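One-letter residues, chain by chain:
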Amino acid sequence: MGDAPECTPSPSESTQPPSPARDPEVVPPGHSEGCARPLDTVPKKLCGYLSKFGGKGPIKGWKCRWFFYDERKCHLYYSRTAQDVNPLDSIDLSSAVFDCKADAEEEGTFEIKTPSRVITLKAATKQVMVYWLQQLQMKRWEFHSSPPALPAAPAAALAGNGPILHLNLEQEGAELEEFVCPVKTPTGLVGAAAAFQPVPAMPSGLQNISLKHLGTEIQNTMHNIRGNKQAQATGHGPLAEETSQSTEPPGVEQPLISDPNTPGKEPEEPPKPAPRSSVPSGPAQKPKWQSNTFPFFTDGLARSRTAQEKVTALEQQVLMLTKELKSQKELVIILHKALEAAQQEKRASSAYLAATGDRDRLELVRHKVRQIAELSQRVEALEQGRERLEQEVGLREQQVQALQQHVQLLMDKNQAKQQVICKLSQKLTEDLAQPQSADAANGDFLSQQERMEHLKDDMEAYQTQNRFLNSEIHQVTKIWRRVAEKEKALLTKCAYLQARNCQVESKYLAALRRLQEAAGAEAGNFPELLQQLIQEALQWEAGEASDSMELSPISEYDDYGFLTVPDYEVEDLKLLAKIQALEVRSHHLLALKAVERPLRDRWAALTELVPSAELKQLLRVGVPREHRPRVWRWLIHHRVQSLHSPGCYQELLGRGRACEHPAARQIELDLNRTFPTNKHFTCPTSSFPGKLRRVLLAFSWQNPTIGYCQGLNRLAAIALLVLEDEESAFWCLVAIVETILPAEYYSKTLTASQVDQRVLQDLLSEKLPRLTAHLGHHHIDLSLITFNWFLVLFADSLISDILLRVWDAFLYEGTKVVFRYALAIFKYNEEEILRLQDSLEIYQYLRFFTKTICDSRKLMNIAFNDMNPFPMKQLRQLRAAHRERLEAELRELELLKAEYLERRASRGRAAPEGCVSEDEGEGDG
């Protein structure tokens, strides 16, 4: 047999496609296919003959092909015969689905559907068809469930994945068994045994030839002819006969080589030397077909029979030893009980002899008497149980007798029926003598019987098809979910890489902007080069917008219709707008996996909303878009449940239709000035302006003390964009103005709003003393900037993503959230403001610097962590103190105003009579 092959895979085996002469299998690292392995570890091969429908023109029809499965590539290869060297083609099963054709004209027909083609196959029997379908399903699932093989993975690592894969395959097999019962392996029709069978005969040899793969057919034919000639040239005799029958078909395992050093196995006898032939033997005369991938059939068959005989003998020995062991165990149990009884008797005798006094001996005797009494009671109980069992046996015997009588009756009935059948048969034979009427009746009966048989077969076929298709849908769905999870992971990775790319690009553009500011008025080519780089960056942005990646969730408008990047009017700030766009995209992409997805899971689990610390924390982090309408409606209802009444909103709208409100004209003017960069309020066909008009008019009738104040339009517009319902937006506006914000916040004097500006100045001095000193040094009045923040709750200042997160917490916690975020905004940009040394530059920067804040997580951490402690008691005290001062100032201002009016009136009365105005003089004239 020659030297045993080395247990190392050759490089060619990993690069070349598998030959059909050997069915590929997964081999652990360090072991080749020729290494000795136990019989029970050899994987079962999936191979056999099937008929494939194909061809064109006159040769179109069924063609017999040898199919075998490649586990490494999840491909089903096929060739014309099992002895062919090269496969004709292969079918990729990794993305294929299988269909059982119940309505096919020929039994055993099924289809394999891949994304590129549909292959129609036919098995010899229905059992073979179901077997192939089940095996192909399991192979496909095994391919998708197995982890990707690493080129240099250690054997231990691969072995560690074995139990998990095996468990997954067992679980999948159990799930598939719920749909289709597993079919036993058809003996002789699939696997290695099918290769020993002759090739199924076809109508004509030409029809079975594949003209599409004519080159492969010629190669296989020439190879077979050359092999036959060389086999004949080796001589005649037993050796030649053995060698001529030793070729193994494709997909069949090579015969195992027993290792004489392997414990527990007997070495096989060496082959007897064959008689010498007249043909000289040597390396030069060794036929080429012996060096190819064909194993030896006869040798493998003899060895497999020897191995089976050994296994049978060992099984018989195991059965004999098991029976003997069982009998020995029973004997040991009996001896053990006898030993225990003897030991107890010995202990009792020893205790009796060891007793010193009569009293002790008497006590031992009494103890034994008690034991005897207990045993007597047990015996009585057992006797009673035996009597009950005897009674039950008697009842059972009576039942058996009754059943025997019933069986006798049935036998009598059966005998009577047999007699009736005999009489009817005799009558039928007599009627057969009259062929005209009898043949017609008999023909109808037989035709109906045949139809019933056909219907039963069709029903069974459709049931099998239904069960198989259910299993196919189940497995394909699971495979699809696995692929979707992998795609989701890849998309997350791509988003992360894209975010990093945006960060690098934004840093590059920020450096360009700083160079632009530093280059200012310098002469030379440097500013021209810088301007060229900036222009290229802006033009690249325009080109990139039309060809943006689909992975980026940032578009021109966000989910609420706001521009994702502010539209700066100043030409020099376009570079800043691009930097901000990149930062927004980067933060959004990085937050998807780390924050947004866990946050969505937490909100999805929070089905019932109740005030709690967990809800407070979730609202501070931000509500996902899909949950925000539901959460806001609950928060608003929690605020206005004492004011809410059914039908109130419609009643207010009716009053507005009946008569015009004095504020209607001002509301109409402010409609066109509400969020000019939001597509929902700038589109001519949008319904949002009409909804906003009705909400503001209804509120004007609801609260006549305020009526309408500039700024309410932005609050109502935010509520409409989130809630999309007029009545909900109306009650949201009521909750903000009448329950959350202090009274007189939107009055004519705006008293509460002015008080909050003074409170903010005190908190700014406490939390950010450096910034307060810097702004005081340059005489900056922050109320010119921050007054609008508080009046519209940052609606004109922050980008929409951050703005709505502020509102999430504001609707639950109240006005202290506004103070927290106002301080956090200054803290976020503190270093930038401190670098500015001119009051005009500071004012220009403060006019738009809130739009440059992109990192919502950073701003939220500053607001709710860095600004602590922030007690509500301190806020109320500051408001009360500043309100008292402001009211005193207003009273003093009213006194000064009254004095001025009084002095003016007195001057008018004291004017000379001859002094008249120019207008009066003209009037008199």
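What counts as what
Residues numbered from 1 in each chain as written. Predicted model: local features only at pLDDT ≥ 70, side-chain atom pairs only at ≥ 80, totals over all residues. Heavy atoms only, no water. pLDDT = per-residue confidence, 0-100. Contact = heavy atoms within 4.5 Å. Pairing = 2+ DSSP bridges. Helix = DSSP H or I, 4+ residues; strand = E, 2+ residues; numbered from the N terminus. Axes fitted to C-alpha atoms, helices over the stretch in contact; angles between N-to-C directions. Salt bridge = Lys/Arg side-chain N within 4 Å of Asp/Glu carboxyl O. Patch = residues over 30% accessible without salt bridge, like charges linked within 9 Å, V, L, I, M, F, W, Y side chains within 5 Å. Areas by Shrake-Rupley, 256 points an atom, 1.4 Å probe, with all protein chains shown as cover. Lys, Arg positive; Asp, Glu negative; His and termini not counted. Charge placed at Lys NZ, Arg CZ, Asp CG, Glu CD. Parallel < 35°, antiparallel > 145°, perpendicular 65-115°, else oblique. Left-handed = near helix turned anticlockwise from the far one by under 90°.

Draft legend 1. Seen up close, the confidence of the model for the protein. The pLDDT averaged across the protein works out to 75; a share of 67% of its residues lies at or above 70. Note on residues 150–165: pLDDT under 50 across the span, and eight contacts to partners over four residues away in sequence or across chains. Taken as a whole, residues 915–925 scores under 50 in pLDDT and shows zero contacts with residues more than four places along the chain or in a different chain.

Draft legend 2. Inspection of the sheet that holds strand S5 (residues 97–100) at higher detail. Strand order in this open sheet of seven strands is S4-S3-S2-S1-S7-S6-S5, and the pairing throughout is antiparallel. Among the strands making up the open sheet, the edge pair consists of strand S4 (89–92) and S5. Strand-to-strand twist of the sheet, defined as the mean angle between neighbouring strand axes without regard to direction, takes the value 35 degrees. The pairing of S5 with strand S6 (residues 109–113) spans four bridges and is antiparallel. Its bridge partner lying in S6, Val97 is registered against Lys113. Those strands touched by helix H2 (residues 126–145) are strand S1 (47–54), strand S2 (61–70), strand S3 (75–79), S5 and S6, and its axis lies near 165 degrees from that of S5.

Draft legend 3. Seen up close, unusual backbone geometry. The omega angle of the peptide bond from Asn868 to Pro869 is -5 degrees, so this bond is cis rather than trans. Among the secondary structure elements, Pro869 is positioned in the loop between helix H28 (856–866) and helix H29 (872–909). Of note, Glu744 is a non-glycine position whose phi angle comes to about 65 degrees, a positive value. Its place among the elements puts Glu744 in the loop between helix H20 (726–740) and helix H21 (751–767).

Draft legend 4. Main features of the pattern of salt bridges. Per the counting criterion, the structure on display carries 24 salt bridges. Taking the shortest distance from any N to any O, the salt bridge between Asp796 and Arg714 comes out at 2.6 Å. You can see Asp796 sitting in the loop between helix H23 (783–792) and helix H24 (800–813) and its partner Arg714 sitting in helix H19 (residues 712–723), a full 82 residues away along the chain. Note that Arg770 and Glu831 form a salt bridge whose closest N and O atoms lie 3.8 Å from each other.

Draft legend 5. Broad picture of a negative patch on the surface. On the surface, Glu107, Glu453, Asp457 and Asp458 cluster together into a negatively charged patch. Structurally, the position occupied by Glu107 is in the loop between S5 and S6.

Draft legend 6. Local environment of the packing of H21 against helix H25 (residues 816–828). In the contact formed by H21 and H25, the axes pass within 10 Å of each other and the chain directions differ by 50 degrees. Between H21 and H25, the angle falls in the class oblique. Remark: the crossing between H21 and H25 carries right-handed chirality. Across from Asp756, Val759, Leu760, Leu763, Leu764 and Lys767 in H21, the residues of H25 making contact are Phe819, Ala822, Leu823 and Phe826.

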